[in-house]
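Tertiary structure, described
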Number of protein chains: 2
Amino acid sequence: MQLLYAAASPFARKVRVMASELGLLDAIVLIDSSVLPTRDNPEVSQANPLTKIPVLLTSDAGALYDSRVICEYLDNLHHGERLLPLEPSKRWPVLQLAALADGLMDAALLARYEGSARPAELQWPAWLEGQLSKIERALDHLEQQHARLHGPLDIAQIGVACALGYLDFRFADLAWREGRPNLAAFYEGFAQRPSMHASKPV
Amino acid sequence: MQLLYAAASPFARKVRVMASELGLLDAIVLIDSSVLPTRDNPEVSQANPLTKIPVLLTSDAGALYDSRVICEYLDNLHHGERLLPLEPSKRWPVLQLAALADGLMDAALLARYEGSARPAELQWPAWLEGQLSKIERALDHLEQQHARLHGPLDIAQIGVACALGYLDFRFADLAWREGRPNLAAFYEGFAQRPSMHASKPV
């Protein structure tokens with residue numbers, strides 16, 4: 001398999017951490033493929049007309065995207081405990097928390113595009129503040145719900161950790177740990193995993 | 001169950017069409033809850049810290065979001081043919097196409113925010129063009145792959161139809177049918193379903 005990815009993308013990191021935790025990383029060739037919403041990348045567009053990464057090129061299922069579809073596909077390739085639980089009473093809480101992590105990443109990426117990619121004279125403070133408010137509320141919710149991050153490994157923990165790692169990478173000024181000791185403790189532990197070390201953005 | 005939704009939201013429409021097709025609409029109370037990225041909506045934020053709709057309030061699984069998680073949850077509540085197939089060789093193509101439809105909606109919403117919500121003097125043509133390019137490429141891909149839209153009902157067909165309906169609603173100028181006769185024919189048929197009629201944005 002081949003993974004179109006970029007080192008800075010939290011969604012691509014989620015896939016890389018997932019693959020690493022499942023022992024599937026050796027089966028995947030990583031292809032550096034950075035994208036921007038304001039620029040075409042024909043190689044990526046050919047695999048995904050949305051020109052977004054990650055994209056997983058497979059022999060049996062073609063070009064798979066987005067990260068959520070890829071993660072579920074990978075979870076189907078191994079015989080250990082599922083990181084997306086199959087049993088409904090376990091599945092919905094995990095998928096909901098994973099969706100929150102994805103939404104946090106989305107808001108952070110939109111905030112990044114607004115504050116860094118867009119020319120300064122075209123920036124709209126209300127938009128940036130709106131995205132930052134989503135991030136703050138999501139972080140507060142995760143702090144309250146931190147107990148849900150301490151079970152057996154699942155896709156929600158991976159998503160939350162990749163979202164927090166992205167905040168450290170691009171929004172250090174947010175100081176997300178302040179007032180959120182339980183979420184900070186979760187991340188400090190999770191960030192020690194080899195899968196997280198190997199995929200840390202620089 | 002209660003669904004926080006807005007009539008104009010293509011993601012909320014996808015959930016409503018899904019519920020209608022599954023015969024679950026009578027079990028859901030619709031609660032009109034419009035949101036904007038630049039404005040808080042405390043009622044929605046309390047259920048989903050990302051302040052996005054749709055959110056499904058359930059008695060057994062709490063507040064579920066986003067639309068993809070809700071659709072899978074609803075698909076688990078009935079005993080007919082799954083709209084998200086369980087068998088892997090059928091599941092990945094459907095989830096990939098459904099993800100393309102979601103990405104098309106995302107690009108259309110971002111284009112809408114750029115062109116209509118953002119003050120005119122802060123609009124960035126390159127951003128708008130970038131999102132419109134994603135839409136055009138996604139439409140071209142769907143035209144090429146139209147045969148995949150003609151099997152038994154699935155979540156990909158629902159997603160694509162709701163995305164196209166949103167283009168009709170907000171981007172009539174795009175004239176997406178031009179040069180895409182097969183996609184237009186799919187939509188013309190699909191839009192006749194009572195589930196689509198009942199959820200048409202006005």
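This structure is a prediction, so every number in the text was calculated from the model and none was measured.

Screw-axis analysis of chain B against chain A gives a translation of 0.0 Å along the axis, an RMSD of 0.0 Å, and a rotation angle of 180°. The two molecules are tied by a two-fold rotation axis, judged by turn and shift. Ranked by how close their C-alpha atoms come to the rotation axis, the residues of chain B are headed by L122(B), at 2.1 Å. By residue overlap, the copies meet face to face through one surface: 100% of the interface positions of chain B are interface positions in chain A.

This paragraph deals with the UniProt feature "domain: GST N-terminal" (unreviewed entry) in chain A. Per the UniProt record, the feature "domain: GST N-terminal" (unreviewed entry) sits at residues 1-82 of chain A. Segment residues 1-82 of chain A splits into 33% helix and 16% strand. End C-alpha atoms: 20 Å apart.

The next subject is the interface of chain B and chain A. Between chain B and chain A, the residue contacts involve 46 residues of the former and 46 residues of the latter. Summed over both partners, the interface of chain B with chain A comes to about 4200 Å²; 63% of that surface belongs to carbon and sulfur atoms. Of all residues in chain B, L50(B), W92(B) and W124(B) bury the most surface against chain A, accounting for 17% of the area lost on that side. The interface formed by chain B and chain A includes eight salt bridges. Among the salt bridges present, the one from R118(A) reaches E114(B), with a minimum N-O distance of 2.7 Å. Viewed at the interface, chain A and chain B are joined by 16 residue pairs in polar contact (both at pLDDT 80 or more).

In this section: the UniProt feature "domain: GST C-terminal" (unreviewed entry) in chain A. The sites that carry the UniProt feature "domain: GST C-terminal" (unreviewed entry) are, in the present numbering, residues 87-202 of chain A. Secondary structure within residues 87-202 of chain A divides into 70% helix and 0% strand; the distance between the first and last C-alpha atoms comes to 38 Å.

Residue and element names in this part refer to chain B. Spatial strand order, β2-β1-β3-β4: four strands in an open sheet with mixed pairing. The two strands at the open ends of the sheet, each matched to only one other strand, are β2 (29-32) and β4 (63-64). As paired strands, strand β1 (residues 2-5) and strand β3 (residues 55-57) are joined by three bridges and run antiparallel to one another. When the sheet's bridge partners are listed, L4 is paired in β3 with V55.

Quick look at the domain arrangement of chain A now. All names here are of chain A. The domain boundaries assigned to chain A delineate domain 1 (2-75) and domain 2 (88-198). Using C-alpha coordinates to define each centre, domain 1 is positioned 20 Å away from domain 2. Summing the contributions of domain 1 and of domain 2, the shared interface buries around 1600 Å²; its carbon and sulfur component is 65%. Here domain 1 and domain 2 share four salt bridges between them. Among the ionic pairs, E72 bridges to R91, the shortest N-O distance being 3.6 Å. In this structure, the connection of domain 1 to domain 2 is made through five residue pairs in polar contact (both at pLDDT 80 or more). Sorting the residues of the side of domain 1 that touches domain 2 by element identifies α1 (10-21) and α3 (67-75) as the ones contributing at least two each. Grouping the amino acids of the side of domain 1 that touches domain 2 by side-chain chemistry returns eight nonpolar, one polar and six charged.

Residue and element names in this part refer to chain A. Relative to the 16 Å expected for twelve residues at 1.5 Å per residue, α1 spans 16 Å between its end C-alpha atoms, a close match to the ideal helical length. Burial analysis of α1 places ten of its twelve residues in the buried class, which makes it a mostly covered element. Where α1 is concerned, the buried positions are P10, F11, A12, R13, K14, V15, R16, V17, M18 and A19. Here α1 starts with a cap whose side-chain oxygen sits 3.3 Å from the backbone nitrogen of F11, and that cap is S9.

Inspection of the secondary structure assignment puts K14(A) in helix α1. When near neighbours in sequence (up to four residues on either side) are disregarded, K14(A) contacts S67(A), R68(A), C71(A), D102(A), M105(A), I155(A), I158(A), G159(A) and C162(A).

The next point concerns the pairing of β1(B). Residue and element names in this part refer to chain B. Inspection of the sheet shows β1 paired to β2 by four bridges, in the parallel sense. Paired with Q2 across the strands is V29, a residue of β2. Following the backbone out of β1, through helix α1 (residues 10-21) and into the adjacent parallel β2, one traces a crossover that is right-handed.

The rules behind each value
- Residues numbered from 1 in each chain as written.
- Chains lettered and ligands numbered in written order.
- Predicted model: local features only at pLDDT ≥ 70, side-chain atom pairs only at ≥ 80, totals over all residues.
- Heavy atoms only, no water.
- Least-squares fit on C-alpha atoms with pLDDT ≥ 70 in both.
- Contact = heavy atoms within 4.5 Å.
- UniProt positions renumbered as here; feature names shortened; annotations may be inferred.
- Helix = DSSP H or I, 4+ residues; strand = E, 2+ residues; numbered from the N terminus.
- Buried area = accessible area lost by both parts, 1.4 Å probe.
- Salt bridge = Lys/Arg side-chain N within 4 Å of Asp/Glu carboxyl O.
- Polar contact = N/O pair within 3.5 Å; in protein donor to acceptor, adjacent residues only side chain to side chain.
- Pairing = 2+ DSSP bridges.
- Domains from an automatic or database assignment.
- Nonpolar A, V, L, I, M, F, W, Y, C, P; charged D, E, K, R; others polar.
- Expected span 1.5 Å × (residues − 1).
- Buried < 20%, exposed > 50% of the residue type's maximum accessible area, 1.4 Å probe, protein only.
- Right-handed = clockwise from strand over helix to strand, strands pointing away.

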